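A look at the structure
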Amino acid sequence: MRLPVRVETAATRWTVEGDPEHWAQLQALRRGRLPLQPWLEGLSSGALQPEPELLAALWAQLKRPEVERLLASGAAADAGPWLVAARQELPALVATPAVVEAWLEPLLEHQVQCPARQARQWLEVLAAFQDPRVAQRLRRVVLEASRLAIEPGASDGDLQELLPLLPLLGRQRQRQDAPLLLGCALDPGPLAWRRAALEGVALGLSTWPLPLLVPALQRLAEDLSSALAAEALDLLARLPQGQRALRALRTRPLDPAVAERLQRRLQNSPLVLVVHGRQGGVIPALYCDLAQQLSRRRGAPVLVQALTAEAPAADAAFWLAAQRAGSITVVPLLLLPGEHVRRDLPALVAGWRAATAGALPEGAGPSVGWRPFLGSWPAWQSLLGDVVREAAAGRPFAWLHHPLQGQLAQRFLHHLARVWGQEGVPAVEPGPALRLALDPEGPALLVPYGLAPSRTAESLNMEGVVPPSWEVLPPLLELPSVRTFLLDRLEALP
Amino acid sequence: MAPALSKIEQAKAERCGLELEPQLAQLAAQGWDTLDEATLTIRLKWLGIFFRPVTPGRFMVRLRLPNGVIHADQLEVLADAVDRCGEWGSADITTRQNIQLRGLLLEDMAPLLSAMQAVGLTSRQSGHDNPRNITGNPFAGIDPEELVDTRPLVDAIQARLLADDAPRNLPRKFNIAVGGAPDSFLLHNDLAFLPADRDGELGFTVMVGGFFSAQRNELAIPLGLWLRGDQLPGFSLAVLRHFERCGNRQARNKSRLMYLVDELGLEAYREAVLAEFSGLGGLADPHDGQHRVTRAPRSGLGVQPQRQAGLHWVGLSVPVGRLDAEAMAELAAVARRHGSGELRLTEAQNVLIVNVPEEGLQALLAEPLLQRFSPTPGPLMAEAVSCTGNRYCSFALIPTKTTAQAVVEELERRLELPHAVRTHWTGCPNACGQPYMGEIGLMGAKARHDGQMVEAVKIFLGGDMGVDPKLAELHDKGVPLVQLVPVLENLLIERYGARRRPAAS
């Protein structure tokens, strides 16, 4: 028979739930300021009810013989209060050696001796401990339940009691459980069951083999349940190289809310725009404006690096964005395959790789990739043809380029001449060549082939350098269509 | 022989939690279950990371937002972190003008801390035995009634207390606040600086020892010292260093500052702190403790004119301080769209959009977000403050936030009130929801109802944060939640001038 409201002993005045002093007494017990023996006696003899708060206060205090005594007594006849106490208290204690030493073996033994329903509840208590034997028992029960879950007509109600076991199996972090948990999440079945399985995946996330995990999460991201799909998407975003897996989802049929979530998770790489600087490495303001606008549109940092200067300082935000995106992209805003493209650029990329290794912990470093130089993009060549033809408005035109050496460069210039229907003129003493190409007396358009102002281009605007009937096109970046093209194309880069 | 260190003191002495920061990614990879109890439940809190036994594996991060100031780009980073947690994610505005994020995996911590750093946020030393988020006047810098702009002072105190040479192992948590207006009620802090005059100069009188706990509740008392604003960081450091050295490390339930003041006596305590301050090159003047805080805090809700001509702040009621990712992102967007992008958080768990030009008010008031976060809430919702409750806290005996919201909404449906009534809801005797400060305080409890033990509240009445402040006193030791609405309804009618709405009578 259980005693009623209050139990008094010579040493301790026991309180029970509802007593104004009960909370303070349990706190004192939990903090080891009250002797344990009277409480143990009371519980073992049945004089005290095994209320959850009392059991919770005792978890960290008991030694193995005391645990064994309690589990063998009537206090352990009903697993219910133990389970409530375990949920509240055990998670923070299960890596404490003294707690493991006191509880694990007695619980393993006690759990197998209980009838089915009690055994399940004791298994949940036990499952707080990370141990291969515990994982094995959990696995067996989950496996059986998973068969029940996919039977036609299975309902949430049938599996309700077993739901907590799935996250607990995940917390065991046994790699071999990846197929079971992912299968439970993927297979048709009650939604609550599938979500509990996915929470199990989440709680052991770093354990699961990526070749199994990534495709399973990608499939789940397409699930009809948007909640399940959203969580799968968020888990993908947390994985190493998760951005790649997310990008693969862009063409998949996703729930609209999940597609929006995908957009939020896709992280653009920080860009490094490589440009011709001016003397002393000064970067023309046009490039800085472009980078600023681009950074806003991409939601990622954009740096400008002049070929003739040191690499710009990358701040914490740059490295964070690089880490999240998993990559840094170098984009050479160079128009011709000269020495800069062929020799300087690889060295510059190598410099970024070294900087990355220095700035971020090993294994966390993003990759550093680079795009072909801008002038080689077919879309760019086509755009420039249109821009020049439109600006020329029927007038003859000539384009003036940086002088280039070598066969490759010459072949490239011939290619551009074919695309634009006009040979280029090298910028070394261009006067005679230009006068050969264009009628000094008639109207003509002169196109300095450069994105930003350069010394050569500026000299053309000096009085007397070109005939007054010729128009000199401004730096290409000042042309709205060119600027728009660059912003759109660069924004679209991953 | 020195007394043996308690388990908590041992854990703190063995290793400072700040050292864990570079290992966060590695700890996540090996799994939180493998962390020892001290690391999991104590040391991680030095980084602002809280293990939550109610949601094992889903952690909480508590930030530091000095003076409750946050910018849209910062709030967006936090919104993104919560968004990544899907349905597990949420955030609370706390009673220390702060934000805590919930539902995070340990895997989220390293990237989140980096992301926060990139926008100037930190969660450092926001939990356990540390100087907690430092509060100030939520209207600082924009307040027509302002006496002192508390923002630079609060920033300077935080910078000093988080510096490398500042204490990292206090005996207990420590709350500091700086007052800057006539309604800066701060006497629940261990150390409060209240605006005060001395010889015609405006500075601060020092108040010490305020705290609430399960064992004892005290309002801060005058220490009898006066400081200029530029002395606050150094003086705060002196108080903390003395507390670190002399505070009680044997009994955590007797380790808040007031116990040390009691132990030494106010005079001796003052002399000890002055000596510590002197060692830092500081010198404080004596003072009679009179100050310029004369009334209970304003809610700041609704459209309010700023000190700056043509600008307003708009205070929005966030029911019981609970936010989700979408609301956070939208708050940031609204602040950027209609104001300067800056937001303020209040101790009553509400939010202010500041620097809104006159001509932008109408558009702001038409924002759909304001359907949810009203600038003109009912008189109970406006000042309903709540702790986390048992959804996330294992101490709480009731679901405080949902209960508070449901009860307040129902009471507002039934009653008309002539003025706002401040209710403070807390889930357990630890009193995180500050029930003793409420005109009506409610504390989670258990009570017998129809032969069963059920969720209930103790009711406290009479908390006053005005010129003659006092703590609320116990009125009823156990009202089952199922009976709470009618009980509060009668209380509000009898004591606070409420009238039943015609349709409800």
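On a predicted model such as this, the values are computed, not experimentally measured, just so you know.

**Overview of the overall build of chain B**
Looking only at helices and strands, chain B has 14 helices and 24 strands in total. On C-alpha atoms alone, chain B measures out to a radius of gyration of 22 Å, which is about the 23 Å that the 2.2 N^0.38 rule sets for 505 residues. By its C-alpha atoms, chain B is 70 × 60 × 50 Å across when sized along the principal axes. Counting only residues that meet the buried cut, chain B has 62% of its 505 residues in that class. Long-range pairs, those at least 24 residues apart, make up 69% of the contacts in chain B between residues at least 6 apart in sequence. Summed over all atoms, the accessible surface of chain B reaches about 18000 Å², with 50% contributed by carbon and sulfur. Charged side chains in chain B number 52 positive and 60 negative. The centres of these two groups are separated by 4 Å.

**Side note on the sheet that holds strand 13 (residues 302-305) of chain B**
All names here are of chain B. Ordered in space as 3-16-17-14-13, the five strands form an open sheet in which the pairing is antiparallel. Each of the sheet's edge strands pairs with one partner strand only, and the pair in question is strand 3 (69-71) and strand 13. Each strand axis lies, on average, 30° off the axis of its neighbour in the sheet, ignoring direction. Bridging between strand 13 and strand 14 (residues 311-316) involves four bridges; their strand directions are antiparallel. The partner of Gly302 across the bridge, within strand 14, is Gly315.

**Observations concerning the interface of chain B and chain A**
Contacts between chain B and chain A engage 42 residues on the former and 35 residues on the latter. When chain B packs against chain A, the two sides together hide about 3400 Å² of surface, and 49% of this comes from carbon and sulfur. It is Asp33, Asp83 and Arg84 of chain B that lose the most area in chain B upon contact with chain A, and together they represent 19% of the buried surface on that side. For the pair chain B and chain A, the interface holds ten salt bridges. Arg58 of chain B is the partner of Glu199 of chain A in a salt bridge, and the nearest nitrogen-oxygen pair spans 2.7 Å. Taken together, the connections running from chain B to chain A amount to twelve residue pairs in polar contact (both at pLDDT 80 or more). Ranked by residues supplied to the side of chain B that touches chain A, first place goes to helix 5 (residues 109-118) of chain B with five residues. Partitioning the side of chain B that touches chain A into residue classes produces 21 nonpolar, ten polar and eleven charged.

**Considerations on the sheet that holds strand 4 (residues 302-306) of chain A**
All names here are of chain A. The sheet built from four strands is open, its strands ordered 4-3-5-6 with parallel pairing. Two strands close off the open sheet at either side, each with one partner strand: strand 4 and strand 6 (367-370). Pairwise comparison of adjacent strand axes, ignoring direction, gives a mean angle of 25° for this sheet. Across four bridges, strand 3 (residues 271-275) lies against strand 5 (residues 327-332) in parallel orientation. Opposite Leu273, over in strand 5, you have Val331 as the bridge partner. Across the sheet, helix 18 (residues 316-325) lies against strand 3, strand 4 and strand 5, angled at about 110° from strand 5, the strand it touches most.

**Structural notes on the packing of helix 6 (residues 97-113) of chain A against helix 8 (residues 132-149) of chain A**
Residue and element names in this part refer to chain A. Two elements in contact, helix 6 and helix 8, have axes separated by 11 Å at closest approach and are oriented at 25°. Judged by the angle between their axes, helix 6 and helix 8 are roughly parallel. As for how helix 6 packs across helix 8, the hand of that crossing is left-handed. On the side of helix 6, the interface is formed by Leu104, Glu105, Leu108, Gln111 and Val112, while helix 8 contributes Arg133, Val134 and Arg137. Within the contact of helix 6 with helix 8, the residues separate by chemical class into four nonpolar, one polar and three charged.

**Quick look at the packing of helix 20 (residues 378-392) of chain A against helix 24 (residues 480-492) of chain A**
All names here are of chain A. Look at helix 20 against helix 24: their axes get within 11 Å of each other, and the N-to-C directions meet at 165°. As judged from the angle between their axes, helix 20 and helix 24 are roughly antiparallel. Of the two elements, helix 20 crosses helix 24, and the hand of that crossing is right-handed. From helix 20, Ala379, Trp380, Leu383 and Val387 reach across to helix 24, where they touch Ser481, Val482, Phe485, Leu486 and Arg489. Each residue belonging to the contact of helix 20 with helix 24 can be placed in one class, and the counts come to seven nonpolar, one polar and one charged.

**A few points about the domain arrangement of chain B**
Residues and elements named next belong to chain B. What the domain assignment reports for chain B is domain 1 (24-130 + 314-372), domain 2 (151-286) and domain 3 (382-504). The C-alpha centroid of domain 3 is placed 26 Å from the C-alpha centroid of domain 1. Taken together, the contact between domain 1 and domain 3 spans 18 residues of the former and 16 residues of the latter. Summing the contributions of domain 1 and of domain 3, the shared interface buries around 1400 Å²; its carbon and sulfur component is 49%. When the buried area of domain 1 at its contact with domain 3 is split by residue, Val54, Val320 and Arg322 rank highest and sum to 36% of it. Joining domain 1 to domain 3, the criterion identifies zero salt bridges. At the level of elements, strand 4 (90-93) and strand 5 (99-104) are the ones that each hand at least two residues to the side of domain 1 that touches domain 3. Here the residues of the side of domain 1 that touches domain 3 sort into six nonpolar, six polar and six charged.

Rules used in this analysis
- Residues numbered from 1 in each chain as written.
- Chains lettered and ligands numbered in written order.
- Predicted model: local features only at pLDDT ≥ 70, side-chain atom pairs only at ≥ 80, totals over all residues.
- Heavy atoms only, no water.
- Helix = DSSP H or I, 4+ residues; strand = E, 2+ residues; numbered from the N terminus.
- Rg over C-alpha atoms; globule rule 2.2 N^0.38 Å.
- Buried < 20%, exposed > 50% of the residue type's maximum accessible area, 1.4 Å probe, protein only.
- Contact = heavy atoms within 4.5 Å.
- Areas by Shrake-Rupley, 256 points an atom, 1.4 Å probe, with all protein chains shown as cover.
- Lys, Arg positive; Asp, Glu negative; His and termini not counted.
- Charge placed at Lys NZ, Arg CZ, Asp CG, Glu CD.
- Pairing = 2+ DSSP bridges.
- Axes fitted to C-alpha atoms, helices over the stretch in contact; angles between N-to-C directions.
- Buried area = accessible area lost by both parts, 1.4 Å probe.
- Salt bridge = Lys/Arg side-chain N within 4 Å of Asp/Glu carboxyl O.
- Polar contact = N/O pair within 3.5 Å; in protein donor to acceptor, adjacent residues only side chain to side chain.
- Nonpolar A, V, L, I, M, F, W, Y, C, P; charged D, E, K, R; others polar.
- Parallel < 35°, antiparallel > 145°, perpendicular 65-115°, else oblique.
- Left-handed = near helix turned anticlockwise from the far one by under 90°.
- Domains from an automatic or database assignment.

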